[in-house]
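Close look at the chain arrangement
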Amino acid sequence: MTLFDVYPLNDITIVKAQGSYVWDDNGVQYLDMYGGHAVISIGHTHPHWVKRIEDQLNKIAFYSNSVHIPLQQELAAKLGKISGKEDYQLFLLSSGAEATENALKLASFHNGKKKIVAFSKSFHGRTSLAVAVTDNPNIVAPVNETDNVIFCPFNDEKALEKIFAEHGGEISSVIIEGIQGVGGINVADEKFLQLIRSLCDKYNAVYIADSVQCGYGRSGQFFSHDYAGVNADIYTMAKGMGNGFPVAGILIAPHIKPKHGMLGTTFGGNQLACAAALAVLEVIEEENLIEMAKQRGMYIKNRLKSIEGIENIRGRGLMIGFDVPAELKDLRKKLLYDFNVFTGEAKPNVIRLLPSLAISKKQTDEFLDALQEAIEEIKNQKAVTA
Ligand SMILES: Cc1ncc(COP(=O)(O)O)c(C=O)c1O
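Everything numeric in this text was worked out from a predicted model, so none of it was measured.

About the criteria used
Residues numbered from 1 in each chain as written. Predicted model: local features only at pLDDT ≥ 70, side-chain atom pairs only at ≥ 80, totals over all residues. Heavy atoms only, no water. Pairing = 2+ DSSP bridges. Helix = DSSP H or I, 4+ residues; strand = E, 2+ residues; numbered from the N terminus. Axes fitted to C-alpha atoms, helices over the stretch in contact; angles between N-to-C directions. Contact = heavy atoms within 4.5 Å. Parallel < 35°, antiparallel > 145°, perpendicular 65-115°, else oblique. Salt bridge = Lys/Arg side-chain N within 4 Å of Asp/Glu carboxyl O. Buried < 20%, exposed > 50% of the residue type's maximum accessible area, 1.4 Å probe, protein only. Patch = residues over 30% accessible without salt bridge, like charges linked within 9 Å, V, L, I, M, F, W, Y side chains within 5 Å. Areas by Shrake-Rupley, 256 points an atom, 1.4 Å probe, with all protein chains shown as cover.

**Concerning the sheet that holds strand β6 (residues 149-152)**
Here we have seven strands laid out as an open sheet, ordered β4-β12-β11-β10-β7-β5-β6, and mixed in their pairing. Edge positions in the sheet fall to β4 (89-93) and β6, since each has one partner strand and no second. Across the sheet, the mean angle from the axis of one strand to that of its neighbour is 20 degrees, orientation sign disregarded. Relative to strand β10 (residues 206-210), strand β7 (residues 171-177) runs parallel, the two sharing five bridges. In the sheet register, I175 faces β10, and the bridge partner there is I208. Against the sheet, helix α3 (residues 70-83) touches β4, β11 (234-237) and β12 (248-252), its axis set at about 120 degrees to β4. Here helix α4 (residues 96-111) sits on the sheet and contacts β4, β5 (115-119), β7, β10, β11 and β12; the angle it forms with β7, its principal contact strand, is near 155 degrees.

This is the structure we're talking about:
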C-alpha cells in the first residue's frame with residue numbers, strides 16, 4: 001500500500017525533539033521556528049507533559065463520554081482561570097476543523113439562522129462547513145459549495161456594515177481569526193472586532209473567534225481577540241492546546257444553552273487528551289509562557305526591523321510574519337537546508353514564525369543571526385553571478 005500523496009514534503013525525517021530543537025535521522029539538529037505548524041506551545045517533549053501522559057496511560061487512556069470524566073471538569077476549571085472566561089462552557093473535540101464545524105453548527109442551533117459571514121484570506125479547516133468558510137476555492141469540493149456563506153473583505157468596516165444591513169436577519173454567525181495564519185499573518189483591527197461584537201448583538205448573530213492558531217497564549221494574550229477588549233460568543237481552540245497531542249475544543253458563552261444530543265463525539269475529551277491538555281496549561285502557568293510569548297515576540301520583531309531585505313514585519317507575540325521580496329525567494333529553503341532552521345510559509349511570499357512559547361532569548365538570537373547571514377549569502381551570490 002502507498003500513502004495518499006497530498007503533502008509536498010521536505011526531504012527530512014525528524015526522529016527526536018526537545019524544547020525548540022528537533023533532530024533528523026542523521027543526527028542533524030534543527031531550530032524549530034515553525035512549531036510543527038503552531039502546535040508546539042510549551043516545547044517539544046516537555047518533561048511535565050510526558051510524565052502527565054505517561055501517568056495517565058498507566059491508569060486509563062480512553063473511555064467514552066457515556067460516563068463521568070472528572071479530568072474534563074478539571075480542564076474546564078483550569079482553562080476558565082487561565083483564559084479569564086470562567087463563566088464559559090467547554091465542549092471537547094480532537095481537531096481544529098472539528099472545532100470550527102461544531103462552533104458554526106452550535107451557532108445555527110442557537111439562533112435558528114443559516115448564513116455565515118467569513119473574511120477574505122480566512123482559513124478555518126478542511127471539513128464541510130469549515131472549508132466553506134475558508135477563502136480558498138482550490139480546496140472546496142463541489143459538495144462543500146453553499147450559498148450560506150457571505151465573504152467580506154478582512155478589516156473592511158463599511159463592507160461588513162453593508163452585509164448586515166442587507167442580510168442581518170438571516171446571519172447566524174460571523175467567524176474570524178484574531179490573527180490570520182494561513183492567510184499570511186494579518187492582524188484583525190481592534191475596531192473591526194468591536195464592530196463585529198456590536199453587529200452580532202444588534203442582529204442576534206453569534207461571534208465566533210477562531211483561535212485555533214492565534215489562541216492559547218501565542219499572541220501574548222490568551223486569545224488574540226482579547227486585545228480588542230470584547231468577548232466572543234464562541235472561541236475555537238486546537239493546535240497549542242495539546243502541544244502535539246490531538247485535542248481541541250470550543251468555549252461557549254453562558255447564554256448559549258446546551259441540550260442533550262445536540263453535539264457529540266467519540267474521541268473528544270478522552271482521559272489521555274485531558275491529561276495532555278492539563279499538562280500544557282500547568283506549564284503555561286508555571287513558566288509564565290503568555291507573558292514570555294509577548295516579550296520574545298517584541299524582541300524578535302524589533303530585531304527583524306533592523307534586518308535589510310525583508311518587508312512588512314507584522315503579528316503579535318510569537319505569531320509573526322514578514323514578506324520576502326522576489327530576489328530572496330529561496331530564503332526559506334536556505335534557512336532550512338544551510339542553516340537548519342524550520343520556518344513556516346504563507347503563499348505567495350510570506351515567512352511565518354510560530355515557535356514554542358518557551359523559546360529562549362538565546363534561541364531567538366540564533367534564529368535572527370541565521371536569518372541575517374542567509375540573506376547576506378543570497379545577496380552576495382547574486383552579486384557574484386550578476
Ligand atoms: C485558524 C485555523 N482554524 C482551523 C484550522 C484547522 O485545524 P485542523 O488542521 O486541526 O483541522 C487551522 C489549521 O491550520 C487554522 O489555522
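Further notes follow.
**Let's talk about the packing of helix α6 (residues 157-167) against helix α7 (residues 190-203)**
At a closest axis distance of 11 Å, the pairing of α6 and α7 adopts a crossing angle of 10 degrees. The orientation of α6 with respect to α7, classified from their angle, is roughly parallel. Of the residues in α7, those touching α6 at E157, L160, E161, F164 and A165 are K191, F192, L195, I196, L199 and Y203.

**A look at the pattern of salt bridges**
Counted by the stated rule, this structure contains 19 salt bridges. D330 is paired through a salt bridge with K329; the nearest N and O atoms lie 3.8 Å apart. The shortest N-O distance in the salt bridge between K347 and E345 comes to 3.0 Å. By sharing partners, the salt bridges in this structure join R303, K361, D365 and D369 into a single network.

**Some remarks on the environment of V206**
Position of V206 among the secondary structure elements: in strand β10. Owing to a relative accessible area of 2%, V206 belongs among the buried residues under this scheme. Once the C-alpha coordinates of V206 and V174 are considered, the two residues, 32 residues apart in sequence, prove to be 6.3 Å apart.

**Structural notes on a nonpolar patch on the surface**
Side chains of F4, V6, Y7 and L9 sit close together on the surface and give an oily, nonpolar patch of about 590 Å² of accessible area. Looking at the secondary structure, you find F4 in the segment before β1 (14-18).

**A few points about the pairing of β5**
Burial within β5 is extensive, with five of its five residues counted as buried. Burial along β5 is two-sided: the residues K115, V117 and F119 and I116 and A118 are all buried. Pairing of β5 with β7, which is carried by three bridges, proceeds in the parallel orientation. Within the sheet, the bridge partner assigned to K115 lies in β7 and is I171. Note: β5 against β6, four bridges, orientation parallel. Paired with I116 across the two strands is V149, which belongs to β6.

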